[in-house]
Amino acid sequence: QVQLVESGGGLVQPGGSLRLSCAASGNIVRIKNMAWYRQAPGKQRELVAAITSGRITNYADDVKGRVAISRDNAKNTVSLQMNSLKPEDTAVYYCNADRIVTPSGSVLNNWGQGTQVPVSS
């Protein structure tokens, strides 16, 4: 069993900053890709940022320059630093781990439970 637990969400004012963290726990040998997605009310879930085990990153166009994703491979954690937040960044943010290799050889994809990030004055 592999679990992802997010932390760091909460109300933030426009122009403010927030750092989200996600820790993967369980029977893990390695994780290839980790990412943050978000889902705003009435919209589909969308990719915010992704990072490979080699630290190659990918960002959605509307967050480039405002967001930075990082990870610690040894601790199986991924973080998302968000700056200059806008009301349109309001969403539930989800952590995703893809191609999780377990000791039994299984390859999994897991999601966290989500953390709310309202951006409002």
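**Student:** Looking at this model, I keep getting lost on the pattern of salt bridges. Mind explaining?
**Tutor:** It is possible for side chains bearing opposite charge to pair when their charged atoms get close. Per the stated rule, a full pass over the model turns up 5 salt bridges. One salt bridge in this structure joins D89 and R38, with 2.9 Å as the shortest N-O distance. Of this pair, D89 sits in the loop between β7 (77-82) and β8 (91-101) while R38 is found in strand β3 (residues 30-39), placing the two residues 51 residues apart along the sequence. For the pair shown, D89 and R38 are each scored as buried. The salt bridge involving D89 is made with R66; its shortest N-O contact spans 2.8 Å. Here D89, found in the loop between β7 and β8, pairs with R66, found in the loop between β5 (57-59) and β6 (67-72); they are 23 residues apart in sequence, far enough to count as distant. Here D89 and R66 have matching classes, each one buried. Because the salt bridges share partners, they merge into one network encompassing R38, E46, D62, R66 and D89.

**Student:** Would you take a moment to explain the pairing of strand β9 (residues 107-111) for this structure?
**Tutor:** Sheet faces and side chains relate simply in a regular strand, where the side chains alternate between the two faces. Bridging between β8 and β9 involves 5 bridges; their strand directions are antiparallel. If you follow I100 over to β9, its bridge partner there is L108. Counted between consecutive antiparallel strands, the loop separating β8 from β9 contains 5 residues, among which G105 sits at a positive phi close to 95 degrees.

**Student:** It is not clear to me how the environment of N110 should be interpreted in this structure. Could you clarify?
**Tutor:** If you trace the backbone, N110 turns up in strand β9. Residues N110 and G26, spaced 84 residues apart in sequence, show a C-alpha to C-alpha distance of 11 Å. Those residues in contact with N110, other than ones at most four positions away along the chain, are V2, Q3, L4, C95, N96, A97 and I100.

**Student:** Sorry if this is basic, but what is going on with the packing of aromatic side chains here?
**Tutor:** What describes a pair of aromatic rings is the distance from one ring centre to the other and the angle between the planes of the rings. Within the structure shown, the criterion is met by 1 aromatic pair. Here R45 stacks its cationic end above the ring of W111, 4.6 Å away from the centre of that ring.

**Student:** Could you clarify how one ought to interpret the state of the cysteines in this entry?
**Tutor:** Note: disulfide means a covalent bond formed between the sulfur atoms of two cysteine side chains. For the structure shown, the criterion picks out 1 disulfide. Bridging C22 to C95, the disulfide has an S-S length of 2.1 Å. Looking down the S-S bond of the C22 and C95 bridge, the torsion is -80 degrees, so its handedness is left-handed. Linking C22 in strand β2 (residues 18-26) with C95 in strand β8, this pair joins segments that are 73 residues apart in sequence. For the pair C22 and C95, a shared accessibility class is recorded, and that class is buried.

Basis of the calculations
- Going along each chain's sequence as written, the residues are numbered from 1 onward.
- For this predicted model, a pLDDT threshold of at least 70 governs which residues receive local features, and a threshold of 80 or more governs which side-chain atom pairs are given and counted, while totals over whole chains, interfaces and linings are taken from all residues.
- With hydrogens and water excluded, all non-hydrogen atoms of the structure serve as input to the side-chain values.
- The term salt bridge refers to a side-chain nitrogen of Lys or Arg lying within 4 Å of a carboxyl oxygen of Asp or Glu.
- Secondary structure elements are taken from DSSP: a helix is a run of H or I of four residues or more, a strand is a run of E of two residues or more, and numbering for both begins at the N terminus.
- Between buried and exposed lies partly exposed: a residue is buried under 20% and exposed over 50% of the maximum accessible area for its type, with that area taken using a 1.4 Å probe on protein chains only.
- A strand pair is defined by DSSP finding two or more bridges across the two strands.
- Residues are treated as being in contact if the distance between any of their heavy atoms lies within 4.5 Å.
- Aromatic rings from Phe, Tyr and Trp, taking only the six-membered ring of Trp, are treated as a pair when their centres fall within 6.5 Å; an angle between ring planes under 30 degrees marks them as stacked, one over 60 as edge-to-face, and anything in between as tilted.
- By definition here, charges over rings are those cases where NZ of Lys or CZ of Arg is within 6 Å of the ring centre and within 35 degrees of the ring normal.
- Any two cysteine sulfur atoms lying within 2.5 Å of each other are counted as a disulfide.

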